[in-house]
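Working through the structure, step by step
Here are the chains, one letter per residue:
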Amino acid sequence: MWMFKAKPFVCIWGLLFCVLFGDRMALAAQSAPVVPIAEVLDKDAALKILERCADAAKTATYSGTYVYQHGDEMSTYRMIHVLDGHDDVERREALDGSPREYYRQGQRVSIYPADPQQKTLDRRYTAKLFPRQLPDQPAKLLQAYGLIRLGSERVAGRDTTVYQLEPLDQYRYPHRFWIDDASGLLLKWAMMGMRKEASQLFAFTDIQVGGSVDRKQLKPVRELQSVEIETNSHTMSLPQETQWEIKSPPAGFRLLKQSSKALPGKQRKVLHHLYSDGVVTVSVFIEPIHQRLPLGLAHQGATHLFTRQSGTSLVMALGEVPAATVEAFANGYNAR
């Protein structure tokens, strides 16, 4: 796993939680309550807002400090981002805990500390680092979410408008976010949980947007290790005995990739299918049946796991999504 690795959950399902959430880098702060002035936006207006926000994260010049909070864990990072010709360049550095550093220029990524076992990074991590929570083509989000304008607030001393991605079905949680009025840049993001609480929070604590920035901040201060970026492809060929299919995944989720590999601490191969709706992911693991995992539903906070037996295999669906979502994924899989 790469440098911004979170601690695994301490429970019987900790290994699977670690696989899905082991690589996290984002930001968050305590979220002040928003007094909703709910205004449902039509698709055209919603798309313009989402596209402006997604574009600003890639093209704007900004530098600042942000924090990430997930459960009981909180981390602080300093970052700088500039557009250099056709490439955007960014550097991130952890300000607490063990020294960690991340540098990207276009598709070229380097990290610290070096890890001889780590040769690649999944593109979904490098493309989703805060403040790039929105996909490059946000129109697909509007197949599963509506957009609501909630009001105005200040974040890191800047005026923002507060919006919420509101699910159109029972298969996902709402996402609330704060967009800088002047630049369109995302300054804060909160994923809501089962009880509409903020289960994951992201926020700049200070930020400079536009103008000239000190490019010396882009220079790495440690010896970095270059890593390749994996493509999210599901065209790989798998052995015939591992061929599984899902007839109808929950609406809005698309298969990003599939792989077959041994998980940490396991000798046997595990088939992994990764799905996303643009802002959240769901992992489906299929492996030979064993007695370590109980069947049925389990959860920790907003994260749900559902396990069932199918013939001589276990089918497990895991994600920061409602229980109905992981149940639909696990129950929908059948061997060909």
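Refer to the structure printed above.
About the criteria used
Residues numbered from 1 in each chain as written. Predicted model: local features only at pLDDT ≥ 70, side-chain atom pairs only at ≥ 80, totals over all residues. Heavy atoms only, no water. Helix = DSSP H or I, 4+ residues; strand = E, 2+ residues; numbered from the N terminus. Buried < 20%, exposed > 50% of the residue type's maximum accessible area, 1.4 Å probe, protein only. Contact = heavy atoms within 4.5 Å. Salt bridge = Lys/Arg side-chain N within 4 Å of Asp/Glu carboxyl O. Expected span 1.5 Å × (residues − 1). Arc of directions from axis to C-beta. Phe/Tyr/Trp six-rings, centres within 6.5 Å; stacked < 30°, edge-to-face > 60°. Lys NZ or Arg CZ within 6 Å of the ring centre and 35° of its normal. Core = buried A, V, L, I, M, F, W, Y, C linked by side-chain atoms within 4.5 Å. Pairing = 2+ DSSP bridges. Axes fitted to C-alpha atoms, helices over the stretch in contact; angles between N-to-C directions. Lys, Arg positive; Asp, Glu negative; His and termini not counted. Polar contact = N/O pair within 3.5 Å; in protein donor to acceptor, adjacent residues only side chain to side chain.

This paragraph deals with the side chain of S310. Relative to the assigned elements, S310 resides in strand β19 (residues 303–310). Look at S310 and you get buried, because its relative accessible area is 17%. Excluding anything up to four places from it in sequence, S310 contacts W244 and V315.

In this structure, the amide linkage connecting Y112 to the following residue, P113, adopts the cis form with an omega of 5°. Within the secondary structure, P113 is located in the loop between β6 (108–112) and β7 (120–122). In this structure, P131 follows F130 across a cis peptide bond, with omega equal to 10°. Structurally, P131 can be placed in the loop between α3 (123–126) and β8 (145–155).

Moving on to the pattern of salt bridges. Under the definition given, this model contains 16 salt bridges. Here E93 makes a salt bridge to R222, at a shortest N to O gap of 3.3 Å. Separated by 129 residues along the polypeptide, E93 in strand β4 (residues 87–94) and R222 in the loop between β12 (198–209) and β13 (225–230) bring together distant segments of the chain. Residue classification places R222 among the partly exposed positions, given a relative accessible area of 26%. In this structure, D169 engages R172 in a salt bridge whose closest nitrogen and oxygen atoms are separated by 3.0 Å.

Moving on, we get to helix α2 (residues 43–59). Along its 17 residues, α2 runs 24 Å from first to last C-alpha, staying within 8% of the 24 Å computed at 1.5 Å per residue. Within the span of α2, buried status applies to A46, I49, L50, C53, A54, A56 and A57. Take α2 and look down its axis: the buried residues cluster within an arc of 155°, on one side only. In α2, the exposed positions that point more than 90 degrees away from the buried face belong to D44 and K48.

Further remarks concern the packing of aromatic side chains. Where two aromatic rings form a pair, the distance of their centres and the angle of their planes describe that pair. Considering all chains together, one arrives at ten aromatic pairs under this definition. Members of the aromatic cluster, joined through ring pairs, are Y66, Y68, Y77, F130, F202 and F204. In this arrangement the basic side chain of R172 is found over the ring face of Y145, its NZ or CZ atom lying 5.6 Å from the centre. Here K188 stacks its cationic end above the ring of W178, 4.9 Å away from the centre of that ring.

Attention shifts here to the nonpolar core. The nonpolar side chains of a soluble globular protein tend to be buried, and buried together. Counting residues in each nonpolar core, the largest one holds 63 residues, and the members touching the most others are Y62, L147, L165, F177 and W189. The contact partners of F177, leaving out residues within four places of it in the chain, are L50, L147, T161, V162, Y163, Q164, L165, L186, K188 and W189.

Before going further, it helps to examine the environment of L271. By the element assignment, L271 lies in strand β16 (residues 269–276). Under the relative-accessibility criterion, L271 is labelled buried at 4%. Once the C-alpha coordinates of L271 and Q258 are considered, the two residues, 13 residues apart in sequence, prove to be 7.4 Å apart.

Summarising burial for strand β17 (residues 281–288): seven of the eight residues are buried, a large majority. As paired elements, β16 and β17 share six bridges and run antiparallel to each other. In the strand pairing of β17, H272 is matched with F285. With antiparallel pairing between neighbouring strands as the criterion, β16 and β17 make up a hairpin whose turn holds four residues, including G278 at a positive phi of roughly 115°. Both β17 and strand β20 (residues 313–319) contribute to a ladder of seven bridges, which runs antiparallel. Opposite E287, over in β20, you have L314 as the bridge partner.

The next thing to look at is the sheet that holds strand β18 (residues 296–300). Reading across from one edge, β15-β16-β17-β20-β19-β18 is the order of the six strands in this open sheet, with antiparallel pairing throughout. Only two strands of the sheet have a single neighbouring strand rather than two, namely β15 (254–262) and β18. Each adjacent strand pair in this sheet contributes to an overall mean axis angle of 15°, direction not counted. Where β19 lies against β20, seven bridges are found, and the strand directions are antiparallel. Bridged to R308 within β20 is V315. Across the face of the sheet, helix α4 (residues 323–332) comes into contact with β16, β17, β18, β19 and β20 while running at roughly 25° to β19.

Mapping R100 onto the fold places it in the loop between β4 and β5 (101–105). Of the side chains with opposite charge, D96 comes closest to the buried, unpaired R100, at an N-O distance of 4.2 Å. At 3.2 Å, the side chain of R100 and the backbone oxygen of S98 are in polar contact.

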